[in-house]
Amino acid sequence: MKKLFVLAAVVVFLASCGRGDRGMVVGAKGKAWHPEKPYGMTLVPGGAFTMGKSDDDFAATNNAPAKTVTVPSFYMDETEITNAEYRQFVYWVRDSIFRTKLAIMADDNGATPGDNGIGEFAFLDGEEGDLTPWEQYYQDNYAGMGETGYEGRKLNKDVDLIWDTEDIPDEFYAEIYDSMYIPFEEAYNGQRTLDVRKLVFNYSEMDIQAAARNPKKRRSEFITQTKVEIYPDTTVWIRDFNYSYNEPMHNDYFWHEAYSDYPVVGVDWMQAKAFCQWRTLYHNSYRKQRGRHNVNAYRLPSEAEWEYAARGGLDGATYPWGGPYAKNDRGCFLANFKPLRGDYAADQALYTVEARSYEPNEYNLYNMSGNVSEWVDSSYDPGSYEFMSSISPVVNDPTNMRKGVRGGSWKDISYFLQVGTRDYEYADSARSYIGFRTVQTYMGTDVTLNAATN
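The rules behind the values
- Residues numbered from 1 in each chain as written.
- Predicted model: local features only at pLDDT ≥ 70, side-chain atom pairs only at ≥ 80, totals over all residues.
- Heavy atoms only, no water.
- Core = buried A, V, L, I, M, F, W, Y, C linked by side-chain atoms within 4.5 Å.
- Buried < 20%, exposed > 50% of the residue type's maximum accessible area, 1.4 Å probe, protein only.
- Helix = DSSP H or I, 4+ residues; strand = E, 2+ residues; numbered from the N terminus.
- Contact = heavy atoms within 4.5 Å.
- Axes fitted to C-alpha atoms, helices over the stretch in contact; angles between N-to-C directions.
- Left-handed = near helix turned anticlockwise from the far one by under 90°.
- Nonpolar A, V, L, I, M, F, W, Y, C, P; charged D, E, K, R; others polar.
- Phe/Tyr/Trp six-rings, centres within 6.5 Å; stacked < 30°, edge-to-face > 60°.
- Lys NZ or Arg CZ within 6 Å of the ring centre and 35° of its normal.
- Salt bridge = Lys/Arg side-chain N within 4 Å of Asp/Glu carboxyl O.

**Notes on the nonpolar core**
Membership of the largest hydrophobic core comes to 54 residues, with the highest contact counts inside it found for Tyr86, Phe89, Phe201, Ile230 and Phe436. Taken together, the elements giving at least two residues each to this core come down to helix 2 (83-108), helix 4 (171-179), strand 5 (200-206), helix 6 (236-239) and helix 8 (269-289). With residues near it in sequence (within four places) discarded, Ile230 still touches Tyr86, Phe89, Val90, Val93, Leu199, Phe201, Gln271 and Ala274. Counting residues in hydrophobic clusters, the runner-up holds 22 residues, among them Val71, Ala304, Ala310 and Val376.

**Digging into unusual backbone geometry**
Going from Gly323 to Pro324, the amide bond is cis rather than trans, its omega being 10 degrees. Checked against the element boundaries, Pro324 lands in the loop between helix 9 (303-311) and strand 8 (373-379). With a phi angle near 70 degrees, Gln348 is a residue other than glycine that sits in the positive phi range. Mapped onto the elements, Gln348 comes out in the loop between helix 9 and strand 8. For Gln348, a relative accessible area of 71% gives the class exposed.

**As for the packing of helix 2 against helix 4**
Taken N-terminus to C-terminus, the directions of helix 2 and helix 4 make an angle of 145 degrees; their axes are 10 Å apart at the nearest point. The hand of the helix 2/helix 4 crossing is right-handed. Residues Phe98, Lys101, Leu102 and Met105 of helix 2 form the contact with helix 4, whose own contacting residues are Phe172, Tyr173, Glu175, Ile176, Tyr177 and Ser179. Each residue belonging to the contact of helix 2 with helix 4 can be placed in one class, and the counts come to seven nonpolar, one polar and two charged.

**Considerations on the packing of aromatic side chains**
Remark: the centre distance and the inter-plane angle together describe each pair of aromatic rings, the angle taken between the planes. This model, assessed by the stated rule, comprises 36 aromatic pairs. Taken together, a centroid distance of 6.5 Å and an interplanar angle of 55 degrees make the contact between Phe98 and Tyr177 tilted. On the criterion of sequence distance, the pair formed by Phe98 in helix 2 and Tyr177 in helix 4 is long-range, its members being 79 residues apart. There is no split in this pair, since Phe98 and Tyr177 are both buried. Each ring, one from Phe241 and one from Trp410, has its centre 5.8 Å from the other, and the planes form 40 degrees; the classification is tilted. Taken together, the residues Phe241 in the loop between helix 6 and helix 7 (247-252) and Trp410 in the loop between strand 9 (402-406) and strand 10 (423-426) connect sequence positions 169 residues apart. Clustering of aromatic rings is evident, with ring pairs tying together Tyr86, Phe89, Trp92, Phe201, Tyr203, Tyr231, Phe254, Phe275, Trp278, Tyr282 and Phe436. Here the guanidinium or amino end of Arg192 rests over the ring plane of Phe184, the centre of that ring lying 4.0 Å away. Positioned above the aromatic ring of Tyr433 is the side chain of Lys411, whose terminal nitrogen or guanidinium carbon lies 4.3 Å from the ring centre.

**Remarks on the pattern of salt bridges**
Taken as a whole and assessed by the stated rule, the structure comprises 20 salt bridges. A salt bridge links Asp77 to Arg279, with the shortest nitrogen-to-oxygen separation between them at 3.1 Å. One end of the pair, Asp77, is in strand 4 (residues 74-77); the other, Arg279, is in helix 8, with 202 residues separating them in the sequence. Here the two residues Asp77 and Arg279 agree in accessibility, since each one is buried. Between Arg94 and Asp95 there is a salt bridge, and its shortest N-O distance comes to 2.8 Å. Overall, the relative accessible area of 14% leaves Arg94 in the buried class. Since its relative accessible area comes to 22%, Asp95 is described here as partly exposed.

See below:
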């Protein structure tokens, strides 16, 4: 009996050693987390500030009374999202849709990954052994086309797409290629461009606020599917101005390399949100391949976050550089706006300027005032400062289509450049003077303005 007891004790001891915790509660260990500052972003340390108008409200809008609020730390893009950055999104959606169409065509014609021609673009699960057991169970490919009946099929992303018509391998590829472009009768000036109406991004999101307040409902009731045509509306350069020749901006501003480092415009609120969703998916896809933790979602800033970042630590300032003037001590304008009596060229710019123009504020953020106004993830309510929370405040009513824009633009007078000035545009409206930048919540609470100044 004694021998059995000793043997049982040894077994228990060995089992405990196998776990490595000696039978103690040491906490479940996950993957190591190393904070990583996203490329092109700066860390804005959290803290408290006085939100609202610091000066007399000469416009008598009475929509931004002074209020002390606190925001946690977050990363923010140093510049507005540029044409080049938004084009990366457009190209990714274009290529995803193109690959899916090619794979469907190959499947319909019995082509497999081992075949030449369109078979090179066939779904990889067409050959046995190409998928892991998990991939056979589930695939999270993005199609961008809505429901096709081919969901869960693995795309072949290792083969390059062919855009030169001289190299098209067969008639099946040619048919799909042709479907990506506008009809011949719509082409003019010798150019046949992509049919941008087909560049649609589908994503799902959950209304966590509503789900938290209705715990007895299934979470699926709070998940929505959103389909967004993501190509910028270049016609804004024409429609925003009557009796004005802006055709060159319409024709070249978004796609020409000369404007790559300029802020993207012609993007409505939903398109800006779609970009944030894609950026999150794109970043986490890379991290997933390397066995790393997901990062927090990229998103539009709340009004409070935007204003806090724009002030750059200067509580009570009129502009990101302090104020109360829009010129420095040498008489040079400090932002791109509509100065004097409408002399657009007085600030050395007629339309927008490159995203890294003028001097950044103390958080190294460029053009928080001027250049282009910026979408925020808040609905516009003139009385919201009166009832919003004093910690991480945000007022976002899904039924209110008026969404906040902040910072003023190249076509605005200096009043709209003031960091406390509020403005709005309708969510489905795109303008030649509205762009956006994104933020990402910082993981942890040890970086605050108070800690930084102690």
